[in-house]
Amino acid sequence: MNEGNLIDPRETKLAGSFIEQIIIDDLAAGKNDGRVHTRFPPEPNGYLHIGHAKAICLDFGMAQKYGGKCNLRFDDTNPVKEEVEYIDSIKEDIRWLGFDWEDREYYASDYFGKLYDFAVDLIKKGLAYVDDQPAAVISSQKGTPTQPGTESPFRGRSPEENLDLFERMNHGEFEEGSRVLRARIDMASPNMHMRDPIIYRIIKTAHHRTGESWKVYPMYDFAHGQCDYFEGITHSLCTLEFEVHRPLYDWLIDQLKTDDYRPRQIEFNRLNLTYTMMSKRKLLELVQEGLVSGWDDPRMPTLCGLRRRGYTPESIRKFVDLIGYTKVEAINDVSLLEHAVRDDLNLRTPRVFAVLNPLKVVITNYPEGKTENVELINNPEDESMGSRTIPFSRELYIEQEDFMENPPHKFFRLAPGKEVRLKGAYIIKCTGFEKDAAGNVTEVRCTYDPETRSGASLADRKVKATLHWVSAEHAIDAEVRLYDRLFNTEDPAGQKDEDYRNFLNPDSLKVLRGCKAEPSLATARPLDKFQFQRLGYFCVDPDSTSNNLVFNRTVGLRDSWAKLNK
RNA sequence: UGCUCCGUGGUGUAAUUGGCAACACGUCUGACUCUGGAUCAGAAAAGUUCAGGUUCGAGCCCUGACGGAGCAACCA
């Protein structure tokens, strides 16, 4: 497990990405006086998801590994979409993941003054102009990827007029949408982003930090690169879609820089996961339309959702490390994520007994009213986790699926005449069972062999299966929420002509009530994690109360019996 | 028919900068097991999209095809 936040070089030995290689080369070449300075720049318009975790691990990870720093900078250039609620959640999630930006919490809005001055500077140099045309006209003049654009009739305005107009835009003299400031670059550029991009627009919505001070706001493309520059960022790591924006950022920095320093932008592939989607807009729709219970619904790929589901930060970091950073657009299998949690939880969670679908077992030759305490190891992977005792008595619950009246060939569990071990207790033999009118098995009768108690001298007898169980009298009730993938197709957002909502998995949540758990679980607190023996990993949900224990299934155990039945 | 980027087992990534392809997950065997988990041992699986070229030698370099992605928000 990771100690603190430091990335163990041994862990990442084989995961050295092309980005890391560039950083190493830059360092070797003596660039930036040997500094490594990155930044994680989220827009506060939604909750962080596991795709952001991939970026966070890179941004903070590279800084840590190479003795540098990583800033947290909120890209808050659009007050109509951004809220403080999101800022708080973003900070919480980054900390939870295990990273620290120390005192370097910045906002693009910190630089609104400098950005404005730079825009004025561009105007004076004849490199920016105010365009009075409506959005639709500007858009149509952009041309298409295969046809050059046409120049705006306002392109030739004098710096004086532009300056005056821009100032008045910022004083609120004009309506939203009536005028914009554009960089004057090249309407015929094969790169659409160079065709006189809009760099400032009028917005009269109050900003969460600057209030009413500004009536014009910089576009992302006009803010991002310069903010990196202002902060002395050496490596601006971002996703592939910004590759074509780079020439624009470079052009802007060319107008701004006073020496050789400039941030170096490197693009990597964003994370795609099977059976889910990463679009913040669509995730917001799921929340707003009530298709999930909220941003932290355990089926969501958000960090708060994964946390509630029972994922650990270590498992997410491990997963990110496993998938690597390249320029190939790939879709990663969720089962690899699931492997990463199992791998982590296997080592750290105590084993407990819980029966999800209870079936009563009566041990007919066991004395009525008698109770024994049997000892169980908490975690065979970690002796230091010790042991506990749980009560055994005449009436027990086992899992319904652990009994079959007419078992198929390779069924090892309980069936008429068959023997199994009750883990930690005795070997029992099925002598009969009862059914209700509908044909459901309602009770199983067994005898036990007193000689076979775990640890006893004659306890070595081989049986095919070992079952988990709870004592009926002592068990506590619990609610268990079983989660499955939210969508039933690998790429729900990538289906042509079909709405992703059509692919929602109707069985993604199954709520089980009346589950029976061993008594030790009575004191479990929200976010406590356990392995329910033979079933999977479970985590106490924040909805849980002392009257109503609620567990979320994080992920099931590998189940070769289930696989055999496919 | 513009620009940019990408193309290696089923999946995700490697290949010491040109030396006949490695790792992880998954899959399949077998061992062990008081979790049909875990662990351990082993196996199958790509000849690197295709075609030329340079070279003693190419997944790496060159040329050309083919395939995929991104780019035309007053979003980020």
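Please read all numbers here as calculations on a predicted model, not as lab measurements.

**Student:** Explain the pairing of strand β8 (residues 235–239) to me, and be specific about the residues and the numbers.
**Tutor:** Along β8, five of the five residues are buried, which leaves the element largely enclosed by surrounding structure. In β8, alternate side chains face the same way, and those of His235, Leu237 and Thr239 on one face and Ser236 and Cys238 on the other are all buried. Inspection of the sheet shows β8 paired to strand β9 (residues 264–268) by five bridges, in the parallel sense. Residue pairing across strands places Leu237 opposite Ile266, the latter belonging to β9. A crossover connection joins β8 to the parallel β9 through helix α9 (residues 246–256); in handedness this β-α-β unit is right-handed.

**Student:** Describe the protein's contact with RNA strand B, and please don't skip the residues or the numbers.
**Tutor:** Surrounding RNA strand B, one finds 64 residues, the nearest of these being Met192, Glu329, Arg351, Ser454 and Gln531. Here, RNA strand B places atoms within 4 Å of the protein, and 63% of those atoms are sugar or phosphate. A distance of 3.1 Å separates a sugar or linking oxygen of RNA strand B from a polar backbone atom of Ile323. Between RNA strand B and Glu329, the relevant distance is 2.2 Å, taken from a sugar or linking oxygen to a side-chain nitrogen or oxygen of the residue. A per-class count over the surface near RNA strand B returns 22 nonpolar, 22 polar and 20 charged.

**Student:** How would you explain the domain arrangement of chain A if you had to name every residue and give the values?
**Tutor:** Along its sequence, chain A is organised into domain 1 (116–218) and domain 2 (351–474). Here the C-alpha centre of domain 2 lies 75 Å away from the C-alpha centre of domain 1.

**Student:** Let's hear about the sheet that holds strand β3 (residues 105–107): which residues, and what values?
**Tutor:** Spatial strand order, β1-β2-β3: three strands in an open sheet with parallel pairing. Unpaired on one side and paired on the other, β1 (37–40) and β3 mark the two borders of the sheet. Going from strand to strand, the sheet's axes swing by 35° on average, the running direction of each strand aside. For strand β2 (residues 69–74) and β3, the ladder comprises three bridges, and the chain directions are parallel. Looking at β3, one finds that Arg73 is bridged to Tyr106.

**Student:** A description of the packing of aromatic side chains should follow, citing residues and the corresponding values.
**Tutor:** One pass over the structure, following the stated rule, counts 30 aromatic pairs. The structure contains a cluster of three or more aromatic residues connected by ring pairs, namely Phe112, Tyr116, Phe118, Phe166, Tyr200, Trp214, Tyr217 and Phe222. Over the ring of Trp96 we find Arg307; its NZ or CZ atom is 5.1 Å from the centre of that ring.

**Student:** Describe the packing of helix α12 (residues 313–323) against helix α13 (residues 334–348), naming the residues involved and giving the relevant values.
**Tutor:** Packing of α12 against α13 brings their axes to within 8 Å, and their N-to-C directions diverge by 135°. Considered as vectors, α12 and α13 are oriented oblique to each other. The crossing of α12 and α13 is right-handed. Here Glu314, Ser315, Lys318, Phe319, Leu322 and Ile323 of α12 come into contact with α13, specifically with Leu336, Leu337, Ala340, Val341, Asp343, Asp344 and Arg348.

**Student:** Account for the sheet that holds strand β4 (residues 128–131), naming residues and giving values.
**Tutor:** Strand order in this open sheet of four strands is β4-β5-β6-β7, and the pairing throughout is antiparallel. Looking along the sheet, the strands with just one partner apiece sit at the ends: β4 and β7 (216–218). Taking each pair of neighbouring strands and ignoring which way they run, the sheet shows an average axis angle of 25°. Bridge count for strand β6 (residues 198–202) against β7 is three bridges, and the pairing is antiparallel. In the strand pairing of β7, Tyr200 is matched with Pro218. Sitting on the sheet, helix α7 (residues 159–170) touches β4, β5 (180–183), β6 and β7, and the angle it makes with β4 is about 60°.

**Student:** For the side chain of Asn32, give the residues involved together with the corresponding values.
**Tutor:** Within the secondary structure, Asn32 is located in the loop between α2 (18–28) and β1. Asn32 has contacts with Thr234 and Tyr261, leaving out every residue within four places of it along the chain.

**Student:** Give a description of α12 that names residues and reports values.
**Tutor:** In an α-helix, one full turn covers 3.6 residues, which means residues spaced three or four apart are oriented alike. Among the 11 residues in α12, nine count as buried, and that is most of the element. Regarding α12, the residues found buried are Pro313, Glu314, Ser315, Ile316, Arg317, Phe319, Val320, Asp321 and Ile323. One or two residues past the end of α12 sits Gly324, with phi positive at roughly 75°.

**Student:** Run through unusual backbone geometry, naming residues and quoting values.
**Tutor:** The phi dihedral of Asp196 is positive, around 45°, even though this residue is not glycine. Of note, Asp196 is situated in the loop between β5 and β6. Since its relative accessible area comes to 0%, Asp196 is described here as buried. The residue Arg534 is not glycine, and still its phi comes out positive at about 70°. By the secondary structure assignment, Arg534 is in the loop between β23 (529–532) and β24 (536–540).

**Student:** So, the side chain of His37: which residues are in play, and what are the values?
**Tutor:** Summarising the element assignment, His37 is placed in strand β1. Its relative accessible area of 11% is what places His37 among the buried residues. Here the side chain of His37 touches Lys69 through a polar contact of 3.2 Å, landing on its backbone oxygen. Beyond its immediate chain neighbours, meaning those up to four positions away, His37 contacts Lys69, Cys70, Asn71, Arg104, Glu231, Gly232, Ile233, Thr234 and His235.

Rules used in this analysis
Residues numbered from 1 in each chain as written. Chains lettered and ligands numbered in written order. Predicted model: local features only at pLDDT ≥ 70, side-chain atom pairs only at ≥ 80, totals over all residues. Heavy atoms only, no water. Buried < 20%, exposed > 50% of the residue type's maximum accessible area, 1.4 Å probe, protein only. Helix = DSSP H or I, 4+ residues; strand = E, 2+ residues; numbered from the N terminus. Pairing = 2+ DSSP bridges. Right-handed = clockwise from strand over helix to strand, strands pointing away. Near = heavy atom within 4 Å. Polar contact = N/O pair within 3.5 Å; in protein donor to acceptor, adjacent residues only side chain to side chain. Nonpolar A, V, L, I, M, F, W, Y, C, P; charged D, E, K, R; others polar. Domains from an automatic or database assignment. Axes fitted to C-alpha atoms, helices over the stretch in contact; angles between N-to-C directions. Phe/Tyr/Trp six-rings, centres within 6.5 Å; stacked < 30°, edge-to-face > 60°. Lys NZ or Arg CZ within 6 Å of the ring centre and 35° of its normal. Parallel < 35°, antiparallel > 145°, perpendicular 65-115°, else oblique. Left-handed = near helix turned anticlockwise from the far one by under 90°. Contact = heavy atoms within 4.5 Å.

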